[in-house]
Amino acid sequence: IPTLRRLFLPILLLLSLAACTAWDGRQDTLNPRDAATRDMSPEALYAAGIEALNREQFARAVELFDMVEREHPYSTFATNAKLMSAYGEYMRNRYAEALGALDRFIQLHPAHRDIAYAYYLRALALYEQINDIERDQRATELAMGALQDVANRFPNTPYARDARLKMDLARDHLAGREMTVGRFYQTRRLHLAASGRVRRVVEDFQATNHVADALPRVTER
């Protein structure tokens, strides 16, 4: 989360500046479900959403941004509201909802100025769902694919640098999974299966912390 906040801050500040003049100070009493919000301009709704994010009131922020998109779909704020709503869902740990919003944003706005961030946030939403090494690692593989996509598409951005770091952590996670399964097979005296698992660590995850443990196990009987 700290990394996400640091990388998102320039975008948040830029979008906040675009909306700040429209906000009239009602954020302390505003309820997105109140009839009064339907009379607010898209700028004011958007600024209220920004204020809710700043206050870490993420559920309210999502409702406000969704209201911008729903009630003012042709306003200049509607497109940014989609991205901000996805960010709010991410901060609520509602990763499936964030992914759905981000997939729509990417599909509809491939040339948007913040498209790199959209891909990055999508990768983070997958990364946060990585399971512990005792469980299936499909989520880890999906996260690694999304992180690699960020690194390939936007190689000279802070998003790419953070994506590469998280890819290293994900590889270490996958290597740990292989070692866990290999040890299990060894305890059952399934030596061929165990050797295959630890050999994969040596061959496919050479830069991880698990190689030192894997090497002597490759030939164990």
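Quantities reported herein were computed from a predicted structural model and do not represent experimental measurements.

Colleague: Give a description of the pattern of salt bridges that names residues and reports values.
Modeller: Under the criterion given, the structure shown has 9 salt bridges. With its nearest N and O atoms 2.7 Å apart, the salt bridge here joins Arg 94 to Glu 89. The partner of Arg 122 in a salt bridge is Asp 103, with the nearest N and O atoms 2.7 Å apart. Here Arg 122, found in helix α6 (residues 115-127), pairs with Asp 103, found in helix α5 (residues 95-108); they are 19 residues apart in sequence, far enough to count as distant. Taking relative accessible area as the criterion, Arg 122 reaches 26% and is therefore assigned partly exposed. Taken together, the shared-partner salt bridges connect Glu 89, Arg 92, Arg 94 and Glu 97 into one network.

Colleague: How would you summarise helix α7 (residues 138-153) if you had to cite specific residues and measurements?
Modeller: In a regular helix each residue adds 1.5 Å, so 16 residues correspond to 22 Å; α7 covers 23 Å between its end C-alpha atoms and thus fits that length. Turning to α7, its buried residues number three or more, namely Ala 139, Thr 140, Ala 143, Met 144, Ala 146, Leu 147, Val 150 and Ala 151. Down the axis of α7, the buried side of the element spans an arc of 170°, and every buried residue falls inside it.

Colleague: Got a sec to walk through the packing of aromatic side chains? Specific residues and values, please.
Modeller: Within the structure shown, the criterion is met by 7 aromatic pairs. Ring centres of Tyr 46 and Phe 77 lie 5.1 Å apart, and the angle between their planes is 50°; on these two criteria the pair is classed as tilted. Taken together, the positions of Tyr 46 in helix α2 (residues 42-54) and Phe 77 in the loop between α3 (58-71) and α4 (78-91) put the pair 31 residues apart, joining distant regions of the chain. Here Tyr 46 and Phe 77 have matching classes, each one buried. Clustering of aromatic rings is evident, with ring pairs tying together Tyr 46, Phe 65 and Phe 77.

Colleague: Explain the packing of α3 against α4 residue by residue, including any values.
Modeller: Two elements in contact, α3 and α4, have axes whose closest approach is 8 Å; the angle formed by their N-to-C orientations is 155°. With respect to α4, the axis of α3 lies roughly antiparallel. You can see that α3 and α4 cross each other, and the crossing is left-handed. Taken together, the residues of α4 that come into contact with α3 (itself represented by Phe 58, Val 62, Phe 65, Asp 66, Val 68 and Glu 69) are Ala 78, Ala 81, Lys 82, Met 84, Ser 85, Gly 88, Glu 89 and Met 91.

Colleague: Before we move on, could you go through the packing of α6 against α7 and cite the residues and values that matter?
Modeller: Between α6 and α7, the least distance of the axes is 8 Å, while the angle of their chain directions is 160°. Taken as axis vectors, α6 and α7 run roughly antiparallel relative to one another. Seen along the crossing, α6 lies across α7 with a hand that is left-handed. Residue-level contacts link Tyr 119, Tyr 120, Arg 122, Ala 123, Leu 126 and Tyr 127 of α6 to Ala 139, Leu 142, Ala 143, Ala 146, Leu 147, Asp 149, Val 150 and Arg 153 of α7. Its residues assigned to classes, the contact of α6 with α7 comprises 11 nonpolar, no polar and 3 charged.

The rules we used
- Residues numbered from 1 in each chain as written.
- Predicted model: local features only at pLDDT ≥ 70, side-chain atom pairs only at ≥ 80, totals over all residues.
- Heavy atoms only, no water.
- Salt bridge = Lys/Arg side-chain N within 4 Å of Asp/Glu carboxyl O.
- Helix = DSSP H or I, 4+ residues; strand = E, 2+ residues; numbered from the N terminus.
- Buried < 20%, exposed > 50% of the residue type's maximum accessible area, 1.4 Å probe, protein only.
- Expected span 1.5 Å × (residues − 1).
- Arc of directions from axis to C-beta.
- Phe/Tyr/Trp six-rings, centres within 6.5 Å; stacked < 30°, edge-to-face > 60°.
- Axes fitted to C-alpha atoms, helices over the stretch in contact; angles between N-to-C directions.
- Parallel < 35°, antiparallel > 145°, perpendicular 65-115°, else oblique.
- Left-handed = near helix turned anticlockwise from the far one by under 90°.
- Contact = heavy atoms within 4.5 Å.
- Nonpolar A, V, L, I, M, F, W, Y, C, P; charged D, E, K, R; others polar.

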